Amino acid sequence: LQKLIQFSVSPLSSVETNFAVDSSGFSTCRFARWFDYKYGKERTHRVWLKAHISSGVKTNIVAGCEITEGEANDSPSLPRLVEETAKTFRVGEVSGDKAYSSKQNLQAIEDVGAVPYIPFKSNVSGRRVRGNGLGIWGRMYHYFLYKHDEFLEHYHKRSNAETVFHSLKTMFRDYLRSKENNDTV
């Protein structure tokens, strides 16, 4: 899937420099069953997968993709998405929601030469930032605090990823079908 995406987006490599990351769930045609001892009966639920994407904010092209289990966290996928995107594009900015807020993710974005626009969670105080010098986490935290409106202008490009998922689900619906019973789609 990654090779197909990389090949198909290469003509737009000179157009896109800003990217948004997000994820969305897709139902599969498989069901999981278990016996619920509390209610004394068998239960089922549809198995679903999560698609994590990096998409261009200008063209809405999917530049990187990773498929995980439905309950997987978003944050660990970001470094791989950014690396895949940087193989084809010169990445200038990466926007994402608070689910991607971590020092490792901000560093991964900076490592490819881009600026991360990921808001900070409410429990971040900045106390640890002062003593450690100003790495990317500290610089972006101060930018987030003191130039909040300017930060939000960049951050709100993230809504384009929502548009990409809306388009995908409108076109293909929100379920997946495959010939194989494993989670490789």
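Scroll up a little and you will see the structure.
Treat the numbers as computed from the prediction; the structure is a model and nothing was measured.

A. Seen up close, the overall build of the protein. Counting secondary structure elements, the protein contains 7 helices and 5 strands. The secondary structure elements of the protein, listed N-terminal to C-terminal, are α-β-β-β-α-β-α-β-α-α-α-α. Within the protein, the proportion of its 185 residues that are buried is 41%. The contacts of the protein with a sequence gap of at least 6 include a subset with a gap of at least 24, amounting to 59%. Carbon and sulfur atoms form 51% of the exposed surface of the protein, whose accessible area is close to 11100 Å².

B. Quick peek at the pattern of salt bridges. Tallied over the full model, the rule gives 9 salt bridges. A salt bridge links R158 to D22, with the nearest nitrogen and oxygen atoms 3.5 Å apart. Of this pair, R158 sits in the loop between α6 (148–155) and α7 (159–172) while D22 is found in strand β1 (residues 18–36), placing the two residues 136 residues apart along the sequence. For K157, the salt bridge goes to E93, with nearest N and O atoms at 3.1 Å.

C. Geometry of the side chain of S77. Residue position: S77 is located in the loop between β3 (62–69) and α2 (78–88). For S77, the contacting residues outside a window of four places in its chain are H52, E66 and T68.

D. Region of interest: the nonpolar core. Counting residues in hydrophobic clusters, the biggest one holds 33 residues, and the most contacted among them are L78, L106, I109, F120, M140 and F151. Among residues more than four places away in sequence, those in contact with L78 are V21, Y100, N105, I109 and I118.

E. Structural context of α6. Looking at α6, one finds that the buried residues are F151, H154 and Y155. Seen end-on, α6 carries its buried residues on one side only, within an arc spanning 100 degrees. Across α6 from its buried face, at more than 90 degrees, point the exposed residues D149 and E153. Where the residues of α6 are buried, they touch β4 (93–95), β5 (115–117) and α5 (136–146).

F. A look at unusual backbone geometry. Located in the positive-phi region is N60, a residue other than glycine, with phi close to 60 degrees. Judged by relative accessible area, which is 29%, N60 ranks as partly exposed.

G. Broad picture of the sheet that holds β4. Across the sheet, which stays open at both edges, the 5 strands sit in the order β3-β2-β1-β4-β5 with mixed pairing between neighbours. Each of the sheet's edge strands pairs with one partner strand only, and the pair in question is β3 and β5. This sheet shows a mean twist of 20 degrees between the axes of neighbouring strands, independent of strand direction. Pairing geometry for β1 and β4, over 3 bridges, is parallel. In the strand pairing of β4, N18 is matched with E93.

H. Broad picture of the environment of N18. For N18, the position within the fold is in strand β1. Among the residues examined, N18 registers a relative accessible area of 18% and is labelled buried. For N18 and V91, which are 73 residues apart along the polypeptide, the C-alpha to C-alpha distance reads 6.1 Å.

I. Seen up close, the environment of V91. When you line up the elements, V91 lands in the loop between α2 and β4. With relative accessibility at 3%, the residue V91 sits in the buried group. Here the alpha-carbon distance between V91 and S13, two residues 78 residues apart in the chain, equals 9.7 Å. Here V91 is in contact with T17, F19, T85, A86, V112, G113 and A114, once residues within four sequence places are set aside.

Parameters at a glance
- Within each chain, residues carry numbers counting from 1 in the order of the written sequence.
- Local features in this predicted model are restricted to residues whose pLDDT is 70 or higher, and side-chain atom pairs enter the listing and the counts only when it is 80 or higher, whereas totals over whole chains, interfaces and linings include all residues.
- By convention in this description, side-chain values take in all heavy atoms of the structure and omit both hydrogens and water.
- Strands here are runs of E lasting at least two residues and helices are runs of H or I lasting at least four, both read from the DSSP assignment and numbered beginning at the N terminus.
- Each residue is placed in one exposure class: buried if its accessible area under a 1.4 Å probe, protein chains only, is under 20% of its type's maximum, exposed if it is over 50%, and partly exposed if it falls in between.
- Two residues qualify as a contact provided that any one of their heavy atoms is within 4.5 Å of a heavy atom in the partner residue.
- Here the accessible surface of atoms and residues is derived via Shrake-Rupley with a 1.4 Å probe, and residues count as covered only by protein chains that are part of the display.
- A pairing counts as a salt bridge when a side-chain nitrogen of Lys or Arg comes within 4 Å of a carboxyl oxygen of Asp or Glu.
- In these notes, a set of buried Ala, Val, Leu, Ile, Met, Phe, Trp, Tyr and Cys residues joined through side-chain atoms within 4.5 Å is what counts as a nonpolar core.
- What the arc measures is the spread of directions leading from the helix axis to the C-beta atoms.
- The pairing criterion is simple: DSSP has to find at least two bridges between the two strands.
- Axes, fitted as lines to C-alpha atoms, cover a helix only where it is in contact. Angles between the N-to-C directions of the axes lie from 0 to 180 degrees.

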